[in-house]
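Fold and contact review
Letter by letter, the chains look like this.
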Amino acid sequence: MSMPDLLANKLSLPVVCSPMFIISNPDLVIEQCKAGLVGSFPALNARPALVLDEWLTRIKSELADYQTANPGKKVAPFAVNQIVHQSNDRLEHDLRLCVKHEVPIIITSLMAPDQIVRPVHDYGGLVFHDVINLRHARKAAKAGVDGLILVCTGAGGHAGSLNPFALVQEVREFFDGTILLAGSISTGRSVLAAQAIGADLAYMGTRFIATEEANADPAYKQMLIDHAASDIVYSSLFTGVHGNYLKPSIARAGMDPDNLPEADKSQMNFASTDAKAWRDIWGAGQGLGSIKDAPRTAELVQRLISEYADARADLIKASDYL
């Protein structure tokens, strides 16, 4: 197990909240961090580009003020997601701002973040990278990342197809850094399960869409509450990369969710149909069956903490029979 010093004694649960396109905003990130979970957002959510500087200034200021006013509270650091791909013409600009503000954690996606690691390490930050298979994990590890986010089957949005029991074990054989596990994690019990199979941190996204602070259409939040794992479809049509989406949102856009064509991965234009992800076609993970409401983030985190504690207690009781 490998927990970075940056996170030591700052987490109420071993959880990083994933950066969700459109959904993650400063309101959500700040509440996640104040509750003791790493909050994050995609740099591209700050539009136009100059707004990113404002967001970073606000998040740092409010978290610092909250920590000063609550010295005994665990206040987690925040993270910013950078899309490492030729289609992202903001990467250089956004990275420069993240370095200026010394963003504690940079989460990188798609291509190996060779050009990201050194400038982030120079100021003492961490780099976590999304991967869906062993080949991607080896490339990212070679680039010198501090953590690998294993995006397994059932994760919301862009996701892989490997079982977490397989991928965690295979990655741990060559990587001694931090492992984060994504895929259907939506309760405190599933957070503990992620640790039990060898991950250091759980990576949660879909559950936080259904919160008051999330920048999501109320109909989107209600759709999460009303549906379950059987209502998720895995398709590459909408961005060129396979991802998990809510069937009802696809049907509402006039398409048959059970008969979707494949898309050309090389396009990566996030506009392969008239209906666009994530504006019209809504992403979600297979763990949505446990979502029954859309509470405030602080209330949700307290519930997760209680579920985590109950799960640990249940395991201790179970061990009495071994």
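Residues numbered from 1 in each chain as written. Predicted model: local features only at pLDDT ≥ 70, side-chain atom pairs only at ≥ 80, totals over all residues. Heavy atoms only, no water.

1. Digging into the overall build of the protein
What counts here: Note on conventions: DSSP H or I runs of at least 4 residues are helices, E runs of at least 2 residues are strands, and numbering of each starts at the N terminus. Categorising residues by exposure relies on relative accessible area from a 1.4 Å probe, with only protein chains included: less than 20% of the type maximum marks a residue as buried, more than 50% marks it as exposed, and the intermediate range marks it as partly exposed. Two residue types count as positive, namely Lys and Arg, and two as negative, namely Asp and Glu; His and chain ends fall outside the count. For this purpose, a charge sits on NZ of Lys, CZ of Arg, CG of Asp or CD of Glu.
Each helix and strand counted, the protein has eleven helices and eleven strands in total. Referenced to the eigenvectors of the C-alpha coordinate spread, the extents of the protein come out at roughly 55 × 50 × 40 Å. Within the protein, the proportion of its 322 residues that are buried is 52%. One way to put it: in the protein the 29 positive side-chain charges average out to a point 2 Å from where the 36 negative ones average out.

2. Remarks on the packing of aromatic side chains
Each aromatic ring pair is specified by the distance between its two centres and by the angle formed by the two planes. The criterion, for reference: Note on aromatic pairs: the rings of Phe, Tyr and Trp (six-membered ring only in Trp) are paired at centre separations within 6.5 Å, and the planes decide the class, stacked below 30 degrees, edge-to-face beyond 60, tilted for the rest. Charge-over-ring contacts are defined here by two conditions on Lys NZ or Arg CZ: a distance within 6 Å of the ring centre and an angle within 35 degrees of the ring normal.
A complete count under the given rule lists three aromatic pairs for this structure. Ring geometry for Tyr220 versus Trp282: centroids 4.7 Å apart, planes at 10°, classification stacked. Of this pair, Tyr220 sits in helix α9 (residues 218-226) while Trp282 sits in the loop between α10 (247-252) and α11 (297-319), and the two are 62 residues apart along the sequence. Each member of the pair, Tyr220 together with Trp282, is buried. Across from the ring centre of Phe174, 4.3 Å away, lies the NZ or CZ of Arg138, which sits over that ring.

3. Points about the environment of Ile225
Note the threshold: By definition, residues are in contact when any of their heavy atoms lie within 4.5 Å.
Considering the arrangement of structural elements, one finds Ile225 in helix α9. Since its relative accessible area comes to 21%, Ile225 is described here as partly exposed. For the pair Ile225 and His101, spaced 124 residues apart in the sequence, the C-alpha separation amounts to 37 Å. Excluding its chain neighbours within four sequence positions, the residues that come into contact with Ile225 are Ile291, Lys292, Asp293 and Ala294.

4. What about the sheet that holds strand β4 (residues 105-110)?
We apply this condition: Here a strand pair is declared whenever DSSP counts at least two bridges between the two strands. Simply put, an axis is a line fit to the C-alpha atoms, just over the touching stretch for a helix, and the angle between two N-to-C directions goes from 0 to 180 degrees.
The eight strands are arranged β1-β9-β8-β6-β5-β4-β3-β2 in an open sheet whose pairing can be described as parallel. On the outer flanks of this sheet lie β1 (15-17) and β2 (39-42), each paired with one strand and no other. Direction aside, the axes of adjacent strands within the sheet are offset by 25° on average. Inspection of the sheet shows strand β6 (residues 147-151) paired to strand β8 (residues 178-182) by five bridges, in the parallel sense. Counterpart to Leu150 in the pairing with β8 is Leu181. Each of β2 and β3 (78-84) touches helix α2 (residues 51-69); the most contacted strand, β3, lies at about 155° to it.

5. Observations regarding helix α6 (residues 164-172)
To keep it simple, the criterion reads: Read the arc as the range of directions from the helix axis to the C-beta atoms. Contacts described as polar in this section are N or O atom pairs within 3.5 Å, which, within protein, must combine one atom able to donate a hydrogen with one able to accept it, while residues neighboring in sequence count only if both atoms come from side chains.
Within α6, burial applies to Pro164, Leu167, Val168 and Val171. Buried residues of α6, viewed axially, fall in a sector of 95°; they line one side. Along its buried surface, α6 packs onto α5 (134-143), β6 and β8. Of the residues that open α6, the one with a side-chain oxygen 2.7 Å from the backbone nitrogen of Phe165 is Asn163.

6. A word on the side chain of Asp200
When you line up the elements, Asp200 lands in the loop between α7 (188-196) and β9 (201-204). A polar side-chain atom of Asp200 sits 3.0 Å from a polar atom in the side chain of Arg172. A polar contact of 2.8 Å, which involves the side chain of Asp200, links it to the backbone nitrogen of Ile179.

7. A closer look at the pairing of β9
Where we set the bar: The handedness rule is simple: strands pointing away from the viewer, and a clockwise path from the first strand over the helix to the second, make the crossover right-handed.
Burial of β9 is two-sided: the residues Leu201 and Tyr203 facing one way and the residues Ala202 and Met204 facing the other way are all buried. Bridge count between β1 and β9: three bridges; the pairing is parallel. Bridging from a neighbouring strand, Cys17 pairs with Met204 of β9. Both β8 and β9 contribute to a ladder of three bridges, which runs parallel. Residue pairing across strands places Ala182 opposite Tyr203, the latter belonging to β9. For the crossover from β8 across α7 to β9, the handedness is right-handed.

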